[in-house]
Amino acid sequence: MKLVLKILLAVAVVVMGYVCYRSIMGPIEFKKERDKREDAIITRLIEIRKAQIEYKNLHKEHAGSFDDLGKFLKEEKLPFLIKEGVLTDEQLESGLTEQEAVKQGLIRRDTFWVIAKDTLFGPSYNVDEMRYVPTTNNRVQFAMDTATITSASGYVVKVFQAGVTYNEYLDGLDRQEIINLNDRANKLEKYPGLRVGSITEINNNAGNWE
């Protein structure tokens, strides 16, 4: 009987130790993994924003889908300025302008038209992966949408947003921690995840982490 009690006590001690460990280390491990995933996602959202801004500069509106955005990056061209030489302090003090220096052949400024992807991200960038949320093994795509908003002063603005929810990119982690994040976002009336831009307000394409 005493042996059984000792075994049960030992098991209870182990269980209690594990519970205490998880109560302390669980949130720490969750935050560590969450930060890792969010760093990669934020980088991707910034790339999407960069591409959308250039798309709008060219087409006067944002791309309505990743297919349209991908086609733009792969097929359309943007200006790329080659600069060789700079004005010296003496030349600047003498009033020499950059335009005059180019005419005189003192410096070089040439504009080339280069495929958008190469201009914005470099030739090795994989456009086809832009739509996918990092750390999800290409299982989850960003939700993206566009809209036209009229400001209080009557100014019409073309806007876009792209985002992914906590439930999607934190899948597989502690469920209660995810529920807590969603509850906090709902109470504050915030987007429950990471998002760049907005189709309900004019925010200059800001990310909600900024």
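Quick note: structure is the one above.
Residues numbered from 1 in each chain as written. Predicted model: local features only at pLDDT ≥ 70, side-chain atom pairs only at ≥ 80, totals over all residues. Heavy atoms only, no water.

(A) Focus on the overall build of the protein. Looking only at helices and strands, the protein has 7 helices and 5 strands in total. Ordered by position from N to C terminus, the α and β elements of the protein give α-α-β-α-α-β-α-β-β-α-α-β. Across the 210 residues in the protein, those meeting the buried criterion constitute 30%. Restricting the contact set of the protein to residue pairs at least 6 apart, pairs at least 24 apart contribute 62%. Approximately 13,700 Å² of the protein is accessible, and the part contributed by carbon and sulfur atoms is 54%. (Helix = DSSP H or I, 4+ residues; strand = E, 2+ residues; numbered from the N terminus. Buried < 20%, exposed > 50% of the residue type's maximum accessible area, 1.4 Å probe, protein only. Contact = heavy atoms within 4.5 Å. Areas by Shrake-Rupley, 256 points an atom, 1.4 Å probe, with all protein chains shown as cover.)

(B) Looking closely at the pattern of salt bridges. A full pass over the atoms with the stated rule returns 8 salt bridges. Between Arg34 and Glu38 there is a salt bridge, and its shortest N-O distance comes to 2.9 Å. Of this pair, Arg34 and Glu38 both sit in helix H1 (residues 2–59), 4 residues apart, which is roughly one turn of that helix. (Salt bridge = Lys/Arg side-chain N within 4 Å of Asp/Glu carboxyl O.)

(C) Quick look at the nonpolar core. Ile48 and Leu69 are the most contacted members of the largest nonpolar core, which totals 33 residues. Where this core is concerned, the elements lending two or more residues are H1, helix H2 (66–75), helix H5 (116–120), strand E4 (156–165), helix H6 (166–169), helix H7 (175–187) and strand E5 (193–197). Broken down by element, this core gets its largest block of residues, 7 residues, from H1. Once residues lying within four places of it in the same chain are set aside, the contact partners of Ile48 are Phe66, Leu69, Met130, Phe142, Met144, Phe160 and Ala162. (Core = buried A, V, L, I, M, F, W, Y, C linked by side-chain atoms within 4.5 Å.)

(D) Representation of H2 within the structure. Looking only at H2, the buried set comprises Phe66, Leu69, Gly70, Phe72 and Leu73. When H2 is viewed along its axis, its buried side chains cluster within an angular range of 160° and face the same direction. Across H2 from its buried face, at more than 90 degrees, point the exposed residues Asp67, Lys71 and Glu75. (Arc of directions from axis to C-beta.)

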